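So you can see what is in the structure, the chains are spelled out below.
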2 protein chains.
Amino acid sequence: VQTGGFSFWLVFTWYKRCMPPEKIAKIEPRLLKGFRDYLPEDAVPLRTMIGKIEEVFRLFGFQPMETPALEYADLLVGKYGPEADKLMYRFVDHGARHVALRYDHTVPLARVMAMNQNMPLPFKRYVVAPVWRADKPQRGRLREFYQCDIDIVGSRETMADAECLAVGYHMLTRLGVKQFSLQINHRAILDGLVQAAGVAVNQVGGVFHAIDKFPKYGEESFVRDTAALGLTEKQTEQLLRLITLSGKPESILEKLSASLEENKKAMAGVRELGSIVKHAHAMGVPDKFLNVDLKIVRGLDYYTGMVAETIIPDLPLYGSVFSGGRYDTLIGLFTGRDVPAVGISLGLGRLFDALEELKLLPEQKTVTQVMIALFEDSDAAAAEKIATTLRKEGIATEVFLGNVSKLDRQLKNADKRGIPWVVWQGPEEKKAGVFAAKHLPSHKQQQLAIEDLPTEIKKLITK
Amino acid sequence: VQTGGFSFWLVFTWYKRCMPPEKIAKIEPRLLKGFRDYLPEDAVPLRTMIGKIEEVFRLFGFQPMETPALEYADLLVGKYGPEADKLMYRFVDHGARHVALRYDHTVPLARVMAMNQNMPLPFKRYVVAPVWRADKPQRGRLREFYQCDIDIVGSRETMADAECLAVGYHMLTRLGVKQFSLQINHRAILDGLVQAAGVAVNQVGGVFHAIDKFPKYGEESFVRDTAALGLTEKQTEQLLRLITLSGKPESILEKLSASLEENKKAMAGVRELGSIVKHAHAMGVPDKFLNVDLKIVRGLDYYTGMVAETIIPDLPLYGSVFSGGRYDTLIGLFTGRDVPAVGISLGLGRLFDALEELKLLPEQKTVTQVMIALFEDSDAAAAEKIATTLRKEGIATEVFLGNVSKLDRQLKNADKRGIPWVVWQGPEEKKAGVFAAKHLPSHKQQQLAIEDLPTEIKKLITK
């Protein structure tokens, strides 16, 4: 009991019980592959970024809604495709239930809609929370990452599709990204396009997959893929002529109307995209940020109408920053009746890395605005009282909590942590009844009267 | 391909493959026991509450820091006690690694400190994120719950202990809780107390456990427990006389000094608690919110110094709203050298329920401030332009996204969702070049000129 207390003794005993003796000295601290910590220098700008994103979501009237990290596995499995099922974190819990960590926010949303069928529609929600995928870790793609989603449930209107694009536009603009492009397409156009080329029903999946691969692997790979599927050269040529179309909506939609005017399905898609573009303009999305690209398929998943991706031309390696589309049948799997929906999803880690490369992250490394340095232990109570006054004015204030040491060491500590202002009262200042205030980035120092401290500090900080 | 599109067909095929045929019609949506959704009516006040809590954390200079949900299991197991190990969600991942969902934020913090030993100390961090425990679900205690932690690493000063108490006080005050009590104790006092009563080393664990149970099961149970441990009646009496002390710090610490003045360890604890109380006062914690209670042990875990709990007298069934203490040896298990630390932890779900019972949650059910109702589909673009203008003024605005229907239905929809203002331009208003604006809670309606809409709406909202 004398050597460190009861709790240490207990921890130590348990610890000995579960580790081989040669390892007792120290636990080897390590992080799982594909996972990361956000230390304050990253967490501070991350939280600022999330704040701005949520602000835009809220301005458009999207409501926060949160679902658990764990779900019954059978609710998630089979909704994303066989590849995804392999990447899902699944296990059996203490009650012998088969559970899985959430893989995205869309399937949990469908479950919520089914369990709350009296919710007034249209329903607009947002969520900013991690999802887990046991993927091969790669640049900007971890096994745990924040996914930000907005979804509009219960509206078939093209206004709803447009709103998702508009939120994406205003969000990236709010974050300071100047150049980016919203690339849109429509599943009905893709359906019509393969129909018009006479692709057989059992070949459709393969052709969509080949189109999906096109932007990454190029035309030659596409031609090889379609040949392997048994398409004729003529069919492949016809597909190529259309899927390589990309550019301003007006011109592309016009070309499509000319080529596919016989195909009802495709024409419905063309009209919808046209209407979506018009509404997006009304919501403040400038023309130059919108493009139609017929190679956008959005993988093998649940989309049924518009599909969208975003690229930042300065960062071609990052792929789509946010993506989404309309999925009118997914929720029906849970509710038993069709409930239309459209949404976009943003990988926060990837966007964070992108903003870092574009030098658009705030440089602020700490939330603290002022640190009060101490000359003597006996100054602590007085400093705490002043800190309390500053906090009342909304100024984030620390009192130095280490061993009271030379002022220089305290200034260095504050500087290392990125705190902009340090104030203190040394023997001289005490005599004069003032405080010294130093702005560390500029090395400028000044004196402030005690009674003016809160208002003056506030002025200095907001300057 | 004709019936619903490629993606639906694919989803349907996978789905058929993994579910028995009689279940295909509809997936039974269900939530795991002990988990909950936060629908907007709860998520909106939850997020407001989190915002206020984070504001207080930041005012005291605590930095956000985030760690993964999953950790190597051996890092977590054995740190909380054998009971906790049983409640940990553990499984084997795709790479055959033994992993566990985080059980709290303290052990991950210790890992971070060990992996980043160049971090300038003292280090103050906060985190608001879920933890998982396969506990028996009970009132205010779910299997997934948000835990808010603050920790100060690298400071042995009693100022640091006091700061944790002060943050707790200011946080509850900021949330509107008027009556609560910070109950503090010190492990060294407990150590000294059992020492002074002549409790044998192998009985200490049992006695601490008996003290821990006292507030819940009462004196009789305590007497039974100590008898079972082999303590004499005299020993039990001596313990009882001291552990039942609780009240204002000055008076309790004085009594302890008189009873335990021979015991160095206990006296060190008494002096530390006295100093903590003094600093807490300097940080704005009024005297009446602080009490010393010698029955506070904080379970069988890693605390070594001050321990603290909080009770809200109006809600005795809720137990401690936030708790914590000093743990100077835990981080050393990871770093191999002693790193002192102190922190408090708050269960958000429990506090949320508590605030709800105290009627302290904001009644706002939605983030939306204004909905623009539509009379005709062709009004949509004009409405979207107005919405864009309102959003630029910081007003959270929706354009009605359902089928354009009677105004009454749209007003009802907005009312059901808790949106305070609805504006529209019907045929009459169009003629007059004005907008109608209705405040749903008061049923008051007025007319606004189009050009004044943003400024007038802003005035109406902030009124």
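Just so you know, the residues in each chain are numbered from 1, in the order the chain's sequence is written. By the order in which they are written, chains take letters starting at A while ligands take numbers starting at 1. Only residues with pLDDT of 70 or above have their local features reported here, since the model is predicted, and side-chain atom pairs are shown and tallied only from 80 upward, although totals for entire chains, interfaces and linings are computed over all residues. To obtain the side-chain values, all non-hydrogen atoms of the structure were used and water was disregarded.

Asks: Help me understand the packing of helix α2 (residues 40–59) of chain A against helix α13 (residues 348–357) of chain A in this model?
Replies: Packed helix pairs are characterised by how far apart their axes lie and by the angle those axes make with each other. All names here are of chain A. Running from N to C, α2 and α13 cross one another at 110°; their axes reach a closest spacing of 11 Å. Considering the angle they form, α2 stands roughly perpendicular to α13. Within the contact between the two elements, α2 uses Asp42, Pro45, Leu46, Met49, Ile50 and Ile53 and α13 uses Leu348, Leu351, Phe352, Leu355 and Glu356. In this count, Pro and Cys sit with the nonpolar residues alongside Ala, Val, Leu, Ile, Met, Phe, Trp and Tyr, while Asp, Glu, Lys and Arg are called charged and the others, Gly among them, polar. Looking at side-chain class alone, the contact of α2 with α13 contains 9 nonpolar, no polar and 2 charged residues. In this description, a line fitted to the C-alpha atoms serves as the axis of each element, helices being fitted only across the stretch in contact, and the angle between N-to-C directions of two axes falls anywhere from 0 to 180 degrees. Labels follow the DSSP assignment, with helices taken as runs of H or I lasting at least four residues and strands as runs of E lasting at least two, numbered in each case from the N terminus. Oblique is the label for any angle not under 35 degrees, not over 145, and not in the 65 to 115 range, which are roughly parallel, roughly antiparallel and roughly perpendicular in turn. A contact between two residues is defined here by any heavy atoms of the two lying within 4.5 Å.

Asks: What should I look at first to understand the confidence of the model for chain A in this one?
Replies: Parts of the model with low pLDDT should not have their predicted coordinates read in detail. All names here are of chain A. Summing up the model confidence of chain A, the mean pLDDT is 90 and the portion of residues at 70 or higher is 94%. pLDDT: the predictor's confidence for each residue, scored from 0 to 100. Overall, residues 1–9 carries pLDDT values under 50, and its contacts beyond four positions in sequence, including any with other chains, amount to 23 contacts. Across residues 11–24, confidence stays below pLDDT 50; counting only partners more than four residues off in sequence or on other chains, it has 18 contacts. Scoring the predicted complex yields pTM 0.90 and, for the interface, ipTM 0.89.

Asks: Would you explain helix α8 (residues 201–229) of chain A in this entry?
Replies: An α-helical turn contains 3.6 residues, so any two residues separated by three or four positions project in the same direction. Residues and elements named next belong to chain A. Each helix should span, by expectation, one fewer than its residue count multiplied by 1.5 Å. Its 29 residues place the ends of α8 only 12 Å apart at the C-alpha level, less than the 42 Å of an ideal helix rising 1.5 Å per residue. At Tyr217, α8 shows its largest kink, close to 135°. For α8, every residue scored as buried is listed here: Gln203, Val204, Gly205, Val207, Phe208, Ala210, Ile211, Phe214, Gly218, Ser221, Phe222 and Thr226. Backbone geometry just after α8 places Gly230 at a positive phi near 95°. Bend, at a single residue, is the angle you get between axes fitted to the 7 residues ending at that residue and the 7 residues starting at it. Burial classification: accessible surface area is computed with a 1.4 Å probe over protein chains only, and a residue below 20% of its type maximum counts as buried, one above 50% as exposed, and the rest as partly exposed.

Asks: Which parts of the structure should I look at to understand the relation of the copies chain B and chain A?
Replies: One chain copy maps onto the other through a rotation about an axis and a shift parallel to that axis. Each copy is superposed on the other by least squares, with the fit set by C-alpha atoms of residues at a pLDDT of at least 70 in both. Here chain B sits on chain A after a turn of 180° about the axis and a move of 0.0 Å along it, with an RMSD of 0.1 Å. Between the two chains, the operation in question is that of a two-fold axis. Residues of chain B ranked by C-alpha distance from the rotation axis are headed by Phe91 of chain B, positioned 3.1 Å from it. The share of interface residues of chain B whose copies in chain A are also at the interface is 99%, consistent with both copies meeting through the same surface.

Asks: So what exactly am I meant to see when it comes to the packing of aromatic side chains here?
Replies: Aromatic ring pairs are defined here through the distance separating the ring centres and the angle between the ring planes. Stacked, tilted and edge-to-face pairs are distinguished by plane angle, under 30 degrees for stacked and over 60 for edge-to-face with tilted covering the rest, among Phe, Tyr and Trp rings (Trp via its six-membered ring) whose centres lie within 6.5 Å. Under the definition given, this model contains 25 aromatic pairs over all chains. A centroid spacing of 5.5 Å and a plane angle of 50° characterise the contact between Phe57 of chain A and Tyr126 of chain A, whose relative ring orientation is tilted. Taken together, the residues span a long stretch of sequence, with Phe57 of chain A in helix α2 and Tyr126 of chain A in strand β5 (residues 123–132) at a distance of 69 residues. With a relative accessible area of 2%, Tyr126 of chain A lands in the buried category. Ring-pair connections join several aromatic residues into one group, and the members of that group are Phe35, Tyr89 and Phe91 of chain A together with Phe35, Tyr89 and Phe91 of chain B.

Asks: I tried to follow the sheet that holds strand β9 (residues 290–293) of chain B on my own but got confused; where do I start?
Replies: Pairing between sheet strands relies on hydrogen bonds along the backbone, with the strands arranged either parallel or antiparallel. All names here are of chain B. Two strands are said to pair when DSSP picks up at least two bridges between them. The strand order across the open sheet built from 9 strands is β1-β5-β6-β12-β11-β10-β7-β9-β8, with neighbouring strands paired in mixed fashion. The open sheet is flanked by β1 (63–64) and β8 (246–247), the only strands paired with a single partner. Direction of pairing for strand β7 (residues 181–186) relative to strand β10 (residues 306–311): antiparallel, over a ladder of 6 bridges. Across the sheet, Leu182 pairs through a bridge with Thr310, a residue of β10. Contacting β5 (123–132), β6 (144–153) and β12 (341–347), helix α13 (residues 348–357) crosses the sheet at an angle of about 50° to β12.

Asks: Looking at this structure, I do not really get unusual backbone geometry. What am I missing?
Replies: Outside of glycine, negative phi angles account for most residues, and trans bonds account for most peptide bonds. Residues and elements named next belong to chain A. With an omega of -5°, the peptide bond running from Leu121 to Pro122 counts as cis. Relative to the elements of secondary structure, Pro122 occurs in the loop between α5 (106–115) and β5. Look at His443: it is not a glycine, yet its phi comes out positive at around 60°. His443 gets classed as exposed once you look at its relative accessible area, which sits at 61%.

Asks: Can you walk me through the interface of chain B and chain A in this structure?
Replies: Accessible area lost on assembly of the parts is the figure often given for the size of an interface. Taken together, the contacts link 135 residues of chain B with 134 residues of chain A. Defined here as a combined quantity, buried area equals the accessible surface (1.4 Å probe) lost by two parts on assembly, summed across both. Summed over both partners, the interface of chain B with chain A buries about 11600 Å², with 65% contributed by carbon and sulfur atoms. By convention in these notes, a salt bridge is any Lys or Arg side-chain nitrogen within 4 Å of a carboxyl oxygen on Asp or Glu. Taken together, the links from chain B to chain A amount to 6 salt bridges. Two residues, Asp37 of chain A and Arg111 of chain B, come together in a salt bridge whose shortest N-O distance is 2.7 Å. Side-chain atoms alone can form a polar contact between residues adjacent in sequence; in general such a contact is a pair of N or O atoms within 3.5 Å, and within protein one must be able to donate a hydrogen while the other accepts it. At the junction of chain B and chain A, the tally comes to 34 residue pairs in polar contact (both at pLDDT 80 or more). It is helix α1 (residues 6–18) of chain B that contributes the most residues to the side of chain B that touches chain A, 8 residues altogether.

Asks: Honestly, the pattern of salt bridges in this entry has me stumped. Any pointers?
Replies: Where charged atoms from two side chains of opposite charge approach closely, those side chains can pair. Under the defined criterion, the tally for this structure stands at 42 salt bridges over all chains. Here Glu66 of chain B makes a salt bridge to Arg47 of chain A, at a shortest N to O gap of 2.8 Å. Taken as a pair, Glu66 of chain B in the loop between β1 and β2 (70–72) and Arg47 of chain A in helix α2 lie in two separate chains rather than in one. A residue is classified by how much of its surface remains accessible, and Arg47 of chain A, at 22% relative accessible area, is partly exposed. The residue Lys213 of chain B makes a salt bridge to Asp225 of chain B at a minimum N-O spacing of 3.0 Å. Look at Lys213 of chain B and you get partly exposed, because its relative accessible area is 25%. Among the ionic contacts, a cluster of salt bridges with common partners joins Arg156, Asp161, Arg326 and Asp328 of chain A.

Asks: Which parts of the structure should I look at to understand helix α10 (residues 249–260) of chain A?
Replies: All names here are of chain A. Look at α10: 16 Å from first C-alpha to last across 12 residues, which is about the 16 Å you get at 1.5 Å a residue. When we look at burial in α10, the residues that qualify are Pro249, Ile252, Leu253, Leu256 and Leu260. Summarising the axial view, the buried residues of α10 lie within an arc of 95°, below the 170-degree limit, and thus occupy one face. Along α10, exposed side chains directed more than 90 degrees from the buried face belong to Glu254 and Ala258. Tucked into the core, α10 has its buried residues touching α7 (187–196), α9 (233–243), β8 (246–247), α11 (264–282) and β9 (290–293). Here, the arc refers to the directions that run from the helix axis to the C-beta atoms.

Asks: Would you mind going over the sheet that holds strand β3 (residues 90–92) of chain A with me for this structure?
Replies: Residue and element names in this part refer to chain A. In space, the 3 strands of this open sheet follow the order β2-β4-β3, with antiparallel pairing throughout. In the strand order of this sheet, the two ends are held by β2 (70–72) and β3, each with one partner. When strand polarity is set aside, the average angle formed by the axes of neighbouring strands in this sheet is 35°. Pairing geometry for β3 and strand β4 (residues 98–101), over 3 bridges, is antiparallel. Following the sheet pairing, Val92 is matched in β4 by His98.

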